[in-house]
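Structural overview
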Amino acid sequence: MKFKLAFIGFGVVGQGLAEILLEKDLQKEHDFEYEVVAISDMKLGSIYDPNGLDLQKILDLVDRGEKLDRYPTDKTGWDPIETIKKSNANTIIEVTYTDMKTGGPALEHVKIALSEGKHVVSTNKGPVANEAKELLKLAEKNGVHYRFEGTVLSGTPAINLALLTLAGCEIKEIKGIVNGTTNYILTKMEEGMEYEEALKKAQELGYAEADPTGDVEGIDAQGKIEILSNTVMGADIELEDVSREGITELTLDDIKTAKEEEHRWKLIGSTKKTEDGIEAKVSPEKLPLDHPLASVMGPTNALTFTTDYLSDVTIIGPGAGKKETGFALLVDLLYINNLVG
Ligand code: HSE
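Residues numbered from 1 in each chain as written. Predicted model: local features only at pLDDT ≥ 70, side-chain atom pairs only at ≥ 80, totals over all residues. Heavy atoms only, no water.

**Considering the pattern of salt bridges**
Here is the rule we go by: In what follows, salt bridge is the name for a side-chain nitrogen of Lys or Arg lying within 4 Å of a carboxyl oxygen of Asp or Glu. By the criteria applied, helices consist of DSSP H or I runs no shorter than four residues and strands consist of E runs no shorter than two, each listed in order from the N terminus.
Applying the stated criterion across every chain, the model contains 17 salt bridges. Between glutamate 82 and lysine 86 there is a salt bridge whose closest N-O contact spans 3.2 Å. Taken as a pair, glutamate 82 and lysine 86 lie in helix α4 (residues 80–86) at a separation of four residues, close to a single helical turn. Each of the salt bridges in this network shares a partner with another, and the network as a whole consists of Glu19, Glu23, Lys322 and Lys323.

**Points about the site of the ligand**
To keep it simple, the criterion reads: We call a residue near a molecule or strand when any one of its heavy atoms sits within 4 Å of it. Counted as a polar contact is a pair of N or O atoms within 3.5 Å, where, for protein atoms, one must be capable of donating a hydrogen and the other of accepting one, and residues adjacent in sequence contribute only when both atoms are in side chains. Accessible surface is estimated by sampling points in the Shrake-Rupley manner with a 1.4 Å probe; for residues, cover comes only from the protein chains shown.
By nearness alone, every residue bordering the ligand is listed as Lys125, Asn179, Gly180, Thr181, Tyr207, Ala208, Glu209, Asp215, Asp220, Lys224, Gly319 and Ala320. At 2.8 Å from an oxygen atom of the ligand is found a side-chain nitrogen or oxygen belonging to lysine 125. In the environment of the ligand, a nitrogen atom lies 2.6 Å from a nitrogen or oxygen atom belonging to the side chain of glutamate 209. In the complex, 93% of the free accessible area of the ligand, which totals 260 Å², lies under the protein chains. Among the secondary structure elements, those contributing two or more residues to the shell around the ligand are α8 (180–190) and α11 (219–231).

**Quick word on the domain arrangement of the protein chain**
Selection criterion: Where each domain starts and ends follows an automatic or database-derived domain assignment. Any pair of residues with heavy atoms lying within 4.5 Å of one another is described as a contacting pair. As used here, buried area is the combined drop in accessible area, with a 1.4 Å probe, of two parts when they are placed together. Amino acids are sorted into nonpolar (Ala, Val, Leu, Ile, Met, Phe, Trp, Tyr, Cys and Pro), charged (Asp, Glu, Lys and Arg) and polar (every other residue, Gly among them).
When the domains of the protein chain are assigned, the result is domain 1 (2–155 + 322–340) and domain 2 (167–318). The centre of domain 1, based on its C-alpha atoms, is set 28 Å off from the matching centre of domain 2. Between domain 1 and domain 2, the contact holds 15 residues from the first and 20 residues from the second. Summed over both sides, the interface between domain 1 and domain 2 buries roughly 1,400 Å², with carbon and sulfur atoms accounting for 68% of that surface. Connecting domain 1 to domain 2 are two salt bridges. Along the contact surface separating domain 1 from domain 2 lie five residue pairs in polar contact (both at pLDDT 80 or more). Of the residues in the side of domain 1 that touches domain 2, the class split is eight nonpolar, three polar and four charged.

In structure tokens form, the structure reads like this:
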């Protein structure tokens, strides 16, 4: 099948995928045939050409700070829903902003796309955190795929690692660092930077959410732990079932004292099977420096999967960033391509 792609949202992550699509010869290397037919973005506007858009021209335009309607095509101005419904796209790349608590407009975008029989690849945590099971059922009913590898650990294998590579192992516990922004802030604070400045830098580098309170108060990590619980551990929990504490109470003094004690503060998320069901939480932990998670610095993330056959399997890699998250969308697209060929 030829993938006709529509981007819903074209911010850092969408542009990251666009750059990757231009860099690689995916047809030659992966038999992946595609064209981008539509882009609809809240800030940049929207364009559609059923015969394909020139992605390089679009990235140049965006780099110059121009709106999408400067691109030479008659079809402009469609909102996300019109784009999903009226365009000839057969695959929707949903990369609008995350609203962890309600799923936000992204939830509707994903529902409509799947109902219209279009594949969806997405790094948006909102819909997965709110309705993963329902959306996967809807995809199955409509004979399409809904993939969301980039919702946890960006392009570093996490969901696919658990579901595909570790298939057949029982995963008893997942524990680690799942938020790049807070890990970056804690790293910078240890170097002596003030909290506010470190947060500003994390925003500039594109690690933080549109509303960074979601990062620093632990809501982003809470959503990721919920996603892992429901999609990998077979649980059926809500966001509020994951107890949560962020890093906003940690001071430079706390971090300095920990260092003197040969310890380091980390925001740790975990989900564990117990006799009473799933126990899931997010909270700062003061780890000894020789703890494997203590050496994970900057926007890097890490997850340890405790399994029956392999005991602990740990993956460490980027947890946020433009190409790092864009790559997760590529993995999802290539996975669908392998299935539907
Ligand atoms: N704001 C998120 C983080 C982005 O810092 O980890 C990746 O989900």
